[in-house]
Amino acid sequence: MRAVKLGLALLLLFNLTGCWSKTELDKLTFIYGIFIDQGKEPGTVEVTISSPLPNRLMSGTQGGSGASDGKAYSMITKTAKTIPEAVILIQKDLSRKIEISHIKIVVVGKEYAREGIGEMLEWFKRQPEIPLGTFIMAAPGKASEIPKLSPIFEQLPDQVLSNIAQENLLFSTTIRDCMLSEASHMGYAMDYLSFGLKSDNAEKKEEYWVGVGGVMLFQELKMRGLMNVSEGRALAWAAGNLAGQIAFPVYSIDWDDDGSGAANAIFLRNTAASSVSMTPEGPLFHVKIKGHASITYFKDSEHRDANKLSPLLLSKLEQKVAGEITAALDRIRQEGVDVLHLGMLVEWNYPAEWKKLRERWKDYYTSEARIKVTAKFVIEDFGSEK
């Protein structure tokens, strides 16, 4: 009996052994942002990483100062023939091992996007530690310029970019979205950043500021076009991306030539759905928009109240939104970018028809596809009007 008890005690001791393969946190460099550009030499790529500096991060510090002696983050840039080679060169200059499992944001430069992001997506596929939910954006110039932004309300530039993506202003595109679209041979869109110097009159200095300046369109791994904020908003609504966003869409309408009758409507809830039906002329695609609006501003030359003009307001709103979305969809058709994945709708619902269209889908989508947009809205309230 004593031998049995002794054996059990020894077995329990084995469970108290330490981790033989552990890595201490102070031996790692956590990468929060990766910025990828076309290299200066043909056939090269420039990779920039952004990483927090633990020795300068202080709890409660605001505005990214981190410490009085410098920034709370560092940036390292290397150029090589491939992204993995550039990352290896970066690792050689670091005293800690690179850890990319905490990455928050990826930004691609405009020239790199124009040449194609295929190598980047392939690298992501072969790096299982990179979260597929990482947000990806496009820069108006070089991606490596973006981390120069002043993180006024955050400690790190990567946090600013990540917060912008999470607000879902237009498209909160992730690595997963790009990979799935490419695998299906469909198009996709991502936020196109605005970037530049902004004057601070209070402190009499200029700081770099970043925001969402529009949308960049992709098809077959390459940038195919750009859309401004208004066009991007219409496209995002059609794609169902505006549902539940923080910055609710606001529309202005008028019904008198001299502008004496006008109103502003803010949409509190909205949805979008795409479908396809078969007609003798071929597939007919339907994009149906629904929303609940609040009238935040109203004036009428005849002094009628907003409630009595509700049918007119709804008609104007529906016409304006449907018109903007139709124009945005016509634009992406001209660019040959199937952001709504209409080809997949045909494949799922009418596989026999898809077999006929598959080989020439790009040409069919660009020149023959018919898309009908309808809008149906409800006015929930008229502000403080009694």
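All figures in this text were calculated on a predicted structure; none of them were measured in a lab.

J.: Where do I start with the overall build of the protein in this structure?
T.: The helix and strand inventory of the protein stands at 11 helices and 14 strands. When burial is assessed residue by residue, the protein has 45% of its 386 residues classed as buried. Across the protein, contacts joining residues at least 24 apart in sequence account for 69% of those joining residues at least 6 apart. Summed over its atoms, the accessible surface of the protein is roughly 20400 Å², and 53% of this surface lies on carbon and sulfur atoms.

J.: It is not clear to me how unusual backbone geometry should be interpreted in this structure. Could you clarify?
T.: Here His185, not a glycine, exhibits a phi torsion of approximately 60°, which is positive. Tracing the sequence through the fold places His185 in the loop between helix H6 (175-183) and strand S8 (188-200). Here the phi dihedral of His341 falls at roughly 55°; this positive angle occurs in a residue that is not glycine. Among the secondary structure elements, His341 is positioned in the loop between helix H8 (310-335) and helix H9 (342-349). On the basis of relative accessibility, which here comes to 22%, the residue His341 falls in the partly exposed class.

J.: Sorry if this is basic, but what is going on with the pairing of strand S7 (residues 135-138) here?
T.: Consecutive residues of a regular strand have side chains that alternate between opposite faces of the sheet. Burial along S7 is two-sided: the face carrying Phe135 and Met137 and the face carrying Ile136 and Ala138 are both buried. In terms of strand pairing, strand S6 (residues 105-108) meets S7 through 4 bridges, oriented parallel. When the bridges of S7 are listed, Ile105 appears paired with Phe135.

J.: Honestly, the sheet that holds strand S14 (residues 370-381) in this entry has me stumped. Any pointers?
T.: Pairing between the strands of a sheet comes from backbone hydrogen bonds, and it takes one of two forms, parallel or antiparallel. Pairing in this open sheet of 4 strands is mixed, and the strands run S11-S12-S13-S14 from one edge to the other. Two strands close off the open sheet at either side, each with one partner strand: strand S11 (250-254) and S14. On average, adjacent strands in this sheet sit at an angle of 40° to one another, irrespective of strand direction. With 17 bridges connecting them, strand S12 (residues 262-279) and strand S13 (residues 282-299) associate as antiparallel partners.

J.: Honestly, the nonpolar core in this entry has me stumped. Any pointers?
T.: Proteins that are soluble and globular tend to have nonpolar side chains buried together. Counting residues in each nonpolar core, the largest one holds 69 residues, and the members touching the most others are Leu161 and Leu313. Of all the elements, H8 adds the most residues to this core, at 9 residues. Leu313 has contacts with Ile253, Trp255, Ala263, Ile295, Phe298, Ala306, Ile379 and Phe382, leaving out every residue within four places of it along the chain. One finds Ile31, Ile36, Phe124 and Met216 within the second-largest nonpolar core, a separate group that totals 36 residues.

J.: Could you clarify how one ought to interpret a nonpolar patch on the surface in this entry?
T.: Taken together, the side chains of Ile152, Phe153 and Trp209 present a nonpolar region at the surface, about 330 Å² in accessible area. Secondary-structure assignment places Trp209 in strand S9 (residues 205-219). In this structure Trp209 comes out as partly exposed when scored by relative accessible area, which is 36%.

Parameters and conventions
- Residues numbered from 1 in each chain as written.
- Predicted model: local features only at pLDDT ≥ 70, side-chain atom pairs only at ≥ 80, totals over all residues.
- Heavy atoms only, no water.
- Helix = DSSP H or I, 4+ residues; strand = E, 2+ residues; numbered from the N terminus.
- Buried < 20%, exposed > 50% of the residue type's maximum accessible area, 1.4 Å probe, protein only.
- Contact = heavy atoms within 4.5 Å.
- Areas by Shrake-Rupley, 256 points an atom, 1.4 Å probe, with all protein chains shown as cover.
- Pairing = 2+ DSSP bridges.
- Axes fitted to C-alpha atoms, helices over the stretch in contact; angles between N-to-C directions.
- Core = buried A, V, L, I, M, F, W, Y, C linked by side-chain atoms within 4.5 Å.
- Patch = residues over 30% accessible without salt bridge, like charges linked within 9 Å, V, L, I, M, F, W, Y side chains within 5 Å.
- Salt bridge = Lys/Arg side-chain N within 4 Å of Asp/Glu carboxyl O.

Keep in mind these values describe shape, not function.
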